[in-house]
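Structure assessment
So you can see what is in the structure, the chains are spelled out below.
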Amino acid sequence: MTQTQVTRTLQAVTLVGFAAIASVVIGMLYGGGAAPLQFSDPGPVVRWGQPIVKLVLNLSMATAIGTLVLSAFAGNTEERQRLQPVASWSAALWLAASATYFVLTYLSASGTALSYGPEFSEGLWLFATQIELGSLLAANVVIALIVSLTTMAFTGTRMVAVNAALAAAGLYPLAESGHASSDVGHTIAVNSMLMHLVGISVWVGGLVALYSVFYANSERAGVLVSRYSTLALFAFILVAISGVSSGYIRLYEPSDLLSQYGLMLIGKSVLLIALGLFGALHRLKLVSDFAKRATGFWKLVTLELTVMGLAMGLGTALALTPLPVSDAEFVPPTPAQLLTGDPLPPELTEAAWITVWDPDPLWATIAVLGIAVYLYGVKVLRDRGDKWPLSRTIPWVMGMIVLFYVTNGAPHAYQEYLFSVHMVGHMMLSMLVPVLLVPGAPVTLLSRAQAPRTDGSKGLREWVLWAVHTPYAWFISQPIVAGLNFALSLVMFYYTPLFRWATEEHLGHQWMLVHFLIVGYLFVQSLIGVDPQPHRPGYPIKLMLLIGTMAFHAFFGLGLMNERGLLLADWFGSMGRTWGDDPLADQAIGGAFAWGVGELPTIVITLIVVTQWYRSDIRERKRLDRQADRTGNRELDEYNLMFEQLSKRDQR
Ligand code: HEM
């Protein structure tokens, strides 16, 4: 790092750091998060050490992730090298803060005093391996350790992207701990916290990296600033949606807004609005005319870093501030609440399929952004005078709407309680959504709408085209492999501990959603995909694959319908549900759905394959006709000549 860069980095850290420490202290004092505990108080050092160290952890982790994301998506080789020291130093600080926070949380949770005896380290080990909070914090330490090593050792283009993904994975354990760890509204709490931390890291960390390394009035700095500005726009959307949804599930009454926790939330919303205005100013006034307005831009950035510091401090204090008390806490939990954390939804009637919703901010954002970004791509093509068929746009938008419904509507609201509804959601996710998304040809749209980078850096276009051309993509998009993956995943999932993991654990459930969506997409893409793909199997192969899948679905569904035992009996059988079918009958209905709901999209795919086959035949015939017209049917002549010669030879 040059001297200037070191100075700039220290300036950025000072701006964010001091503002953050000031607001975390004020937040802890106001919110009461550092007040002495009634029982086994760990003492002021631990009570104040925890928020301060957590703040350093949040800031250093955000800087490491933001720097790596900026490096992977904005910088060319030389710029990635200049960013590397910021990434590895902040990762090293993250590691130190994370390990310290782990120990402080152990001291606070166990009420034991710090000592150097074997009991203390045994206690720490027990905390890390047997206690959920301890395992989550230990996971964050391990990921920080790996990232601090890999950011030093590997600086190649692809490794920067891998490091960024690895570092971002370090956010998950923190999203799953803290207030989000309570069972009530667990899915919303964890998914919105994850969105919050991802948005904050890219936004705050990216700006610290930009200020530290690219503080200049040059045209090149302007290019990097505009690329960061696009990342910041998405980060702002993520932070706003997740902040509001996280806050919403923690306020039980409107009057809770006037509680300490509520007022700190309002404080954060004000800071977010201020940051949003800075962002708008950047995008509308400064970024577009950067060379002329650079000085103004960097001045505004110093203010922005300070406000971000204030919000980071307040957020960290908020996470350690007692929540408003809800009356529901004193009502004995029902069996469904003991298992899922949430009460049973209302009885499943026809109307309930439309009226009952269980919003998930993460998947709702994915679906809405999936539509918005796609339509923006179509607009870019249209503005350029290029065509993009509605026959692609409409199914894509419908696919995202169905994805929104499956992950936020009745399928999501009932899937934990009723096996049958779980199966409907599963089949819609792995079959119906892909059958609608694949004809949308997203890779083709991206590669046409986004201009290729010419400066050695990689944008979304370059990373997606790289990903679809990797040997791994070549292998898993092989129709046979995709078909086997699709079919066997079903059996592997329901008849192994994976089903219990996906039902009882949040991470397991998210994995299930992503896995079946991707497996379904790859299978449908291999059969009717419009996007470029390495394999082009003949139509007979495609039809055989489809028949095989249909048969498999039928056997799987029939197997479930005739199942004598209940899958996850201690879960679906212990819900205490007083309405609807008994769990075993409900499971059989699930089997029927696997068969029925699974077959419908397969029939649609078969119709599409047959239509494509028919059309390609027509095209082929027209081509042969044109060729015959051009060459006077030379091929037929040669064909006849061959038979003539054969008959002459036979006569001889
Ligand atoms: C509309 C504005 C925002 C709202 C409503 C909001 C709300 C929240 C909520 C509810 C939490 C969880 C606290 C808990 O665990 O109980 C949180 C955590 C956090 N927020 Fe925000 N937030 C907003 C904006 C921001 C912004 C702009 C930043 C920083 C740039 C930020 C930084 C943080 C941090 C660092 C945490 C703590 C994470 C932790 O230590 O667990 N938030 N926020």
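Just so we're clear, the structure is a prediction, and the values are computed from it rather than from any experiment. Every residue gets a number counted from 1 within its own chain, in the order that chain's sequence is written. For a predicted model such as this one, the threshold for reporting local features is a pLDDT of at least 70, and the threshold for listing and counting side-chain atom pairs is 80 or more; totals across whole chains, interfaces and linings nevertheless cover every residue. Side-chain metrics in this entry use all non-hydrogen atoms of the structure; hydrogen atoms and water are not considered.

**Section: the overall build of the protein**
Looking only at helices and strands, the protein has 27 helices and zero strands in total. By the compact-globule yardstick of 26 Å for 652 residues, the protein fits well, its C-alpha radius of gyration being 29 Å. Dimensions of the protein, computed from the C-alpha atoms along their principal axes, are close to 110 × 70 × 50 Å. Across the 652 residues of the protein, 49% fall into the buried class. Between two residues, a contact is recorded if the distance between any of their heavy atoms is within 4.5 Å. A fraction of 79% describes how many contacts in the protein between residues 6 or more apart in sequence connect residues 24 or more apart. Here the open area of atoms and residues is found with the Shrake-Rupley method and a 1.4 Å probe, where only the protein chains shown may cover a residue. With the model as given, the accessible surface of the protein reaches about 30,700 Å², and the carbon-plus-sulfur share is 69%. With 40 positive and 43 negative side-chain charges, the protein shows a spacing of 16 Å between the two charge centroids. For helices the rule is a DSSP run of H or I covering at least 4 residues; for strands it is a run of E covering at least 2, with both sets numbered from the N terminus onward. A radius of gyration in this sense is built from C-alpha atoms; the matching globule rule multiplies 2.2 Å by the number of residues raised to 0.38. Burial classes follow relative accessibility: with a 1.4 Å probe on protein chains only, a residue under 20% of its type's maximum area counts as buried, one over 50% as exposed, and anything between as partly exposed. Lys and Arg are tallied as positive, Asp and Glu as negative. Neither His nor the chain termini are counted. A single reference atom marks each charge: NZ on Lys, CZ on Arg, CG on Asp, CD on Glu.

**Brief notes about the packing of helix H17 (residues 419–437) against helix H23 (residues 506–528)**
Between N-to-C directions, angles span 0 to 180 degrees; the directions come from axes that are lines fitted to C-alpha atoms, helices contributing only their stretch in contact. Closest axis-to-axis distance for the H17/H23 pair is 8 Å, and the angle between their directions is 40°. Of the possible angle classes, the one that applies to H17 and H23 is oblique. With respect to the hand of their crossing, H17 and H23 are arranged in right-handed fashion. Contacts between H17 and H23 involve His422, His426, Leu429, Ser430, Val433, Pro434, Val435 and Leu437 on the former and, on the latter, Met512, Leu513, Phe516, Leu517, Gly520, Tyr521 and Val524. For the contact of H17 with H23, the residue count by class is eleven nonpolar, four polar and no charged. Angle categories are assigned with fixed cut-offs, so that under 35 degrees is roughly parallel, over 145 is roughly antiparallel, 65 to 115 is roughly perpendicular, and the rest are oblique. By convention the crossing between two helices is left-handed if the near helix lies anticlockwise of the far one by an angle smaller than a right angle, and right-handed if it lies clockwise. Any residue outside Ala, Val, Leu, Ile, Met, Phe, Trp, Tyr, Cys, Pro, Asp, Glu, Lys and Arg is labelled polar, Gly included; the first ten of those are nonpolar and the last four are charged.

**Here's the deal with the coordination of the iron atom of the ligand**
As a benchmark, a tetrahedral metal site with four donors has ideal angles of 109.5 degrees, while an octahedral site with six donors has ideal angles of 90 or 180 degrees. Around the iron atom of the ligand, the donor atoms from the protein are His196 (NE2) and Lys268 (NZ), and they sit 1.7 to 2.1 Å away. One can describe the donor arrangement at the iron atom of the ligand as octahedral, given that its six donor atoms subtend angles of 79 to 178° at the metal. Residue His196 is found in helix H8 (residues 186–214), and its partner Lys268 is found in helix H10 (residues 260–286); the two are separated by 72 residues along the sequence. The pair His196 / Lys268 is uniform in exposure class, with both members buried. Listed donors are limited to N, O and S atoms within 2.8 Å of the metal, widened to 3.2 Å for Na, K and Ca; water is not among them, so incomplete-looking sites are possible. Labels for metal geometry use angle windows, namely 85 to 135 degrees for all angles of a four-donor tetrahedral site, and for square planar (four donors) or octahedral (six donors) sites opposite donors over 155 degrees apart plus all others within 65 to 115; sites meeting none of these are irregular.

**Some remarks on the site of the ligand**
Among the 26 residues in the neighbourhood of the ligand, the closest are listed as Lys54, His179, His196, Tyr261 and Lys268. His196 is positioned such that a nitrogen or oxygen atom in its side chain is 2.9 Å from a nitrogen atom of the ligand. Lys268 has a polar side-chain atom sitting 2.4 Å from a nitrogen atom of the ligand. Here the shell around the ligand is composed, by residue class, of 14 nonpolar, nine polar and three charged. Being near a molecule or strand, for a residue, means having at least one of its heavy atoms within 4 Å of it. For the purposes of these results, a polar contact is taken to be a pair of N or O atoms within 3.5 Å, where, inside protein, one atom must be able to donate a hydrogen and its partner to accept one; residues adjacent in sequence count only when each atom of the pair is a side-chain atom.

**Here's the deal with the pattern of salt bridges**
Once the charged atoms of two side chains with opposite charge are near each other, the side chains can pair. Every case where a carboxyl oxygen of Asp or Glu lies within 4 Å of a side-chain nitrogen of Lys or Arg is listed as a salt bridge. Counted under the stated rule, the structure contains twelve salt bridges. The salt bridge involving Arg220 is made with Glu79; its shortest N-O contact spans 2.6 Å. Highlighted residues: Arg220 in helix H9 (residues 219–250) and Glu79 in helix H3 (residues 77–110), separated in sequence by 141 residues. For Arg220, a relative accessible area of 25% translates into the label partly exposed. A salt bridge links Lys379 to Asp383, with the nearest nitrogen and oxygen atoms 2.7 Å apart. You can see Lys379 and its partner Asp383 sitting in helix H14 (residues 361–383), four residues apart, about one turn around the helix. Where salt bridges share partners, they join Glu79, Arg220, Arg227 and Asp455 into one cluster.

**Overview of the packing of aromatic side chains**
Within 6.5 Å between ring centres, the rings of Phe, Tyr and Trp (the latter by its six-membered ring) count as paired, and their orientation is classed by plane angle as stacked under 30 degrees, edge-to-face over 60, tilted in between. Scanning the model with the defined rule gives 25 aromatic pairs in all. With a centroid separation of 5.9 Å and 90° between ring planes, the pair formed by Phe419 and Phe572 is classed as edge-to-face. Linking Phe419 in helix H17 with Phe572 in helix H25 (residues 569–572), this pair joins segments that are 153 residues apart in sequence. Residue classification places Phe419 among the buried residues on the basis of a relative accessible area of 1%. The exposure class of Phe572 is buried, given its relative accessible area of 4%. Ring centres of Tyr494 and Phe499 lie 4.9 Å apart, and the angle between their planes is 65°; on these two criteria the pair is classed as edge-to-face. Taken together, the ring pairs connect Phe419, Phe493, Tyr494, Phe499, Trp501, Trp511, Phe516, Phe556 and Phe572 into an aromatic cluster. Over the ring of Trp388 we find Arg392; its NZ or CZ atom is 4.7 Å from the centre of that ring. When the ring centre of Trp579 is taken as origin, the NZ or CZ atom of Arg577, which lies over that ring, is 5.5 Å away. For a ring to carry a charge above it, either NZ of a lysine or CZ of an arginine must fall within 6 Å of the ring centroid while also lying within 35 degrees of the normal to the ring plane.

**Concerning the environment of Leu149**
By the secondary structure assignment, Leu149 is in helix H5 (residues 132–153). The class for Leu149 is partly exposed, based on a relative accessible area of 47%. On a C-alpha basis, the gap between Leu149 and Ala441 in space is 39 Å, while along the polypeptide they are 292 residues apart.

**Quick look at a nonpolar patch on the surface**
Put simply, a patch holds well-exposed residues, over 30% relative accessible area, that have no salt bridge, with like charges counted together within 9 Å and Val, Leu, Ile, Met, Phe, Trp or Tyr side chains within 5 Å. Residues Tyr30, Leu257, Leu258, Leu263, Ile266 and Val270 make up a contiguous nonpolar surface patch of about 540 Å² in total accessible area. For the nonpolar patch, the element with the most residues is H10, which contributes three residues. By the secondary structure assignment, Leu257 is in the loop between H9 and H10.

**Quick look at the domain arrangement of the protein**
The start and end points of each domain follow an automatic or database-based domain assignment. In terms of domains, the protein is made up of domain 1 (3–319) and domain 2 (359–621). Centre-to-centre, using C-alpha coordinates, domain 1 lies 34 Å away from domain 2. Between domain 1 and domain 2, the contact holds 25 residues from the first and 21 residues from the second. Between domain 1 and domain 2 lies a buried interface of about 1,800 Å² when both sides are counted; carbon and sulfur atoms form 66% of it. For Asp455, the salt bridge goes to Arg227, with nearest N and O atoms at 2.9 Å. Here domain 1 is connected to domain 2 by nine residue pairs in polar contact (both at pLDDT 80 or more). Listing elements by their share of the side of domain 1 that touches domain 2, those giving two or more residues are helix H2 (44–73), H3, helix H6 (157–169), helix H7 (171–176), H8 and H9. It is H8 that provides the largest number of residues to the side of domain 1 that touches domain 2, a total of seven residues. Looking at the side of domain 1 that touches domain 2 residue by residue, the class counts come to eleven nonpolar, nine polar and five charged. The buried area of a pairing is the accessible area, by a 1.4 Å probe, that goes missing from both parts when the two are put together, added over both.

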